[in-house]
Amino acid sequence: EEAEQAEDLANEFGDRFGALPVEVENLLYAVKIKALAANAGIESVSTEDSQIILRRFQGMHFDRQKLEPVRDGIKVGITQLRLNPKRLGKEWQGVLEEVVGRVG
């Protein structure tokens, strides 16, 4: 629900103020991903060494079968998953949303 609210907010801002600055778009995208991640049992979404790190709540593990086929640029561990946006290219945001969706 919060993810949809972030999209609605982006549309509302666009209607009121015109084209959104990249910084605002990025902020709203981060809010959307964090909401989707929380619903999927992901405790945190962060960046480290130019990679996006998804960490599960304690006692929860990533199911490799749900994430198959794992793409080049994604490393799946037991409690964390790493995405390398540089290796995923321009479609990294779509890949991130897909991965979060598969986890949940």
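Predicted model only: the values in this text are computed from it and were never measured. (Residues numbered from 1 in each chain as written. Predicted model: local features only at pLDDT ≥ 70, side-chain atom pairs only at ≥ 80, totals over all residues. Heavy atoms only, no water.)

## A look at helix H2 (residues 22-39)
And step 1. When the terminal C-alpha atoms of H2 are compared, their 26 Å separation across 18 residues agrees well with the 26 Å that a helix rising 1.5 Å per residue should span.
And step 2. Among the residues of H2, Leu 28, Tyr 29, Lys 32, Ile 33, Ala 35 and Ala 37 are the ones counted as buried.
And step 3. Downstream of H2 by one or two residues, Gly 41 has phi in the positive range, about 80 degrees. (Helix = DSSP H or I, 4+ residues; strand = E, 2+ residues; numbered from the N terminus. Expected span 1.5 Å × (residues − 1). Buried < 20%, exposed > 50% of the residue type's maximum accessible area, 1.4 Å probe, protein only.)

## Here's the deal with the nonpolar core
Considering soluble globular proteins, one finds that nonpolar side chains tend to be buried as a cluster.
And step 1. The biggest cluster of nonpolar side chains holds 20 residues, and the ones touching the most others in it are Ile 42, Leu 54, Ile 74, Leu 81, Leu 83, Leu 96 and Val 99.
And step 2. Of all the elements in the fold, those that place two or more residues in this core are H2, strand S1 (42-48), strand S2 (51-56), strand S3 (74-76), strand S4 (80-83) and helix H4 (92-103).
And step 3. If sequence neighbours within four positions are ignored, Leu 54 has contacts with Ile 42, Ser 44, Val 45, Phe 62, Thr 79, Gln 80, Leu 81, Leu 83, Leu 96, Val 99 and Val 100. (Core = buried A, V, L, I, M, F, W, Y, C linked by side-chain atoms within 4.5 Å. Contact = heavy atoms within 4.5 Å.)

## Quick notes on the layout of surface pockets
Take a probe with the size of a water molecule and roll it over the atoms, and the empty space left behind shows itself.
And step 1. Taken as a whole, the largest pocket encloses approximately 240 Å³ of empty space.
And step 2. Taken together, Asn 26, Tyr 29, Ala 30, Ile 33, Lys 34, Val 45, Ser 46, Thr 47, Ile 52, Trp 92, Gln 93 and Leu 96 make up the full set of residues lining the largest pocket.
And step 3. For the lining of the largest pocket, the per-class residue count stands at seven nonpolar, four polar and one charged. (1 Å grid on protein atoms, 1.4 Å probe; cavity = no way out; pocket = protein on both sides within 12 Å on 5 of 7 lines; lining within 4 Å. Points joined across faces, edges and corners; volume = space filled by probe spheres on them. Nonpolar A, V, L, I, M, F, W, Y, C, P; charged D, E, K, R; others polar.)

## Considering the pairing of S4
And step 1. The alternating pattern of S4 places Leu 81 and Leu 83 on a buried face, while none of Gln 80 and Arg 82, on the opposite face, is buried.
And step 2. As paired strands, S3 and S4 are joined by three bridges and run antiparallel to one another. Opposite Ile 74, over in S4, you have Leu 83 as the bridge partner.
And step 3. Connecting the antiparallel pair S3 and S4 is a turn made up of three residues. (Pairing = 2+ DSSP bridges.)

## Things to note about the pattern of salt bridges
And step 1. Tallied over the entire structure, the rule returns six salt bridges.
And step 2. When the shortest N-O distance is used, the salt bridge between Arg 87 and Asp 72 registers 3.3 Å. Of this pair, Arg 87 sits in helix H3 (residues 85-88) while Asp 72 sits in the loop between S2 and S3; the two residues are 15 residues apart in sequence, bridging distant segments of the chain. Accessibility assignment for this pair places Arg 87 and Asp 72 in one class, exposed. (Salt bridge = Lys/Arg side-chain N within 4 Å of Asp/Glu carboxyl O.)

## Comments concerning the packing of aromatic side chains
And step 1. Taken as a whole and judged by the stated rule, the model has two aromatic pairs.
And step 2. Taking the centre distance of 6.3 Å and the plane angle of 55 degrees together, the rings of Phe 13 and Phe 17 count as tilted. Here the residue Phe 13 and the residue Phe 17 both occupy positions in helix H1 (residues 2-17), the gap between them amounting to four residues, near one helical turn.
And step 3. Taking the centre distance of 6.1 Å and the plane angle of 85 degrees together, the rings of Tyr 29 and Trp 92 count as edge-to-face. (Phe/Tyr/Trp six-rings, centres within 6.5 Å; stacked < 30°, edge-to-face > 60°.)

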